[in-house]
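# Descriptive structure summary
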Amino acid sequence: MNKTLAAMAISLVFGTSAVFAEAPKAPPTPPALPDTGEKVDTASDATPFGAGAIKPSKALAKIVNAAGKPVGIASLKQTVEGVEVRMEVTGLEPGEHGVHFHEKGECTGPDFKSAGGHFREEGQIHGLENEHPHFGDLPNLVIRADGKGKLRASSRRVSLLEGKSSLLRDGGTSIMIHAKKDDQKTDPSGGSGDRIACGLIKAKL
Ligand SMILES: [Cu+2]
């Protein structure tokens, strides 16, 4: 009896360990990988961005003021020329306001310092009137007497694809509206003053 029990126990143990021994071999996920690879190859004409990578062509930023209240929206679209920006805002001071893409995807009011400086790389000098402006430089936004304004702009210096100038890079980027006009030549921000509204740029899938 005892011997039988022992034998059963042993066979159970071996049985179990056999299952465990198989288990690590079991996850035959490797076969699945070539599969995915094939799918990517056949499905995309635009594989340069990497297997399985998201290839958004549009992005959106909900813009909030210093109090965190929504004041508008910016729609971004990848084109062959770069990125097209369409921004519509309301409830801002009439006049011209500097607008830039900033280097971090964090809009914490009221000062929005969380967004860091302008999205740029070394060697770039702020202002569209300079030869090598920041990635993030954009034309001024004009707010009418009713507090509303629209900005239509296109930038060749940024993209929504992969790469150093991607607005959708790790850590994100944001679009910022300033209190004053950007003179488009004075480093580092054209004398555009305080940050009054900010929108985190998110891929629109
Ligand atoms: Cu700025």
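What counts and how
Sequence order as written defines residue numbering, which begins from 1 separately in each chain. Given that this is a predicted model, residues contribute local features only at a pLDDT of at least 70 and side-chain atom pairs are listed and counted only at 80 or more, while totals for whole chains, interfaces and linings are drawn from all residues. Only DSSP runs of H or I with at least four residues qualify as helices, and only runs of E with at least two residues qualify as strands; both kinds are numbered from the N terminus onward. Exposed residues have 12 or fewer other C-beta atoms within 10 Å of their own C-beta, buried residues have 20 or more, and residues in between are partly exposed; the C-beta atoms are placed from the backbone. Should DSSP find at least two bridges between two strands, the strands are regarded as paired. Fitted lines through C-alpha atoms serve as axes, helices being fitted only where they are in contact, and the angles separating the N-to-C directions of these axes extend from 0 to 180 degrees. How sure the predictor is of each residue is captured by pLDDT, a score from 0 to 100. Residues are defined as contacting one another if the C-beta atoms placed from their backbone atoms lie within 7 Å. For the purposes of this analysis, a nonpolar core is taken to be any set of buried Ala, Val, Leu, Ile, Met, Phe, Trp, Tyr and Cys residues that are connected through C-beta atoms within 7 Å.

Let's shift gears to unusual backbone geometry. A negative phi angle is the norm for most residues apart from glycine, just as the trans form is the norm for most peptide bonds. The step from Gly109 to Pro110 runs through a cis peptide bond, and the omega angle for that step is 0°. Residue placement: Pro110 occurs in the loop between strand S5 (99-102) and strand S6 (141-143). A cis amide bond links Asp187 with the next residue in sequence, Pro188, at an omega value of 0°. With a phi angle near 55°, Phe112 is a residue other than glycine that sits in the positive phi range. Here Phe112 is to be found in the loop between S5 and S6. With 24 C-beta atoms packed within 10 Å, Phe112 lands in the buried category. Residue Gln184 is not a glycine yet carries a positive backbone phi of 65°. Within the secondary structure, Gln184 sits in the loop between strand S8 (174-178) and strand S9 (195-203).

Spatially, nine strands are ordered S4-S6-S7-S3-S2-S1-S9-S8-S5 in an open sheet, and the strand pairing comes out antiparallel. At either margin of the open sheet sits one strand with a lone partner, and together these are strand S4 (95-97) and S5. Within the sheet, the average angular offset between the axes of one strand and its neighbour, ignoring direction, is 20°. With two bridges connecting them, S6 and strand S7 (residues 149-155) associate as antiparallel partners. If you follow Val142 over to S7, its bridge partner there is Lys150.

Mean pLDDT over the chain: 82, with 73% of residues reaching 70 or higher. This model gives residues 1-54 a pLDDT under 50, and the stretch forms 14 contacts once residues within four places in sequence are excluded.

The next subject is the environment of Val83. Its location among the elements puts Val83 in strand S3 (residues 82-89). Separated by 26 residues in the primary sequence, Val83 and Ser57 have C-alpha atoms spaced 9.2 Å apart. Not counting chain neighbours up to four residues away, the residues in contact with Val83 comprise Leu76, Lys77, Gln78, Ser155, Val158, Ser159, Leu160 and Leu167.

Counting residues in each nonpolar core, the largest one holds 34 residues, and the members touching the most others are Leu76, Leu167, Ile177, Ala197 and Ile201. Contributing elements (two or more residues each) for this core: strand S1 (58-65), strand S2 (70-79), S3, S5, S6, S8 and S9. For this core, the element with the highest residue contribution is S9, accounting for five residues. When sequence neighbours within four positions are dropped, the list of residues in contact with Ile177 reads Val89, Leu92, His97, Val99, Leu141, Ile196 and Ala197.

Here the focus is the pairing of S9. Counting buried positions along S9 yields seven of nine residues, so the element is predominantly enclosed. Sheet topology note: the S1/S9 ladder contains seven bridges and is antiparallel. Each residue of the ladder has a partner; that of Val64, found in S9, is Cys198. In terms of strand pairing, S8 meets S9 through five bridges, oriented antiparallel. Its bridge partner lying in S9, Ser174 is registered against Leu200.

By the secondary structure assignment, Ile63 is in strand S1. With 24 C-beta atoms packed within 10 Å, Ile63 lands in the buried category.

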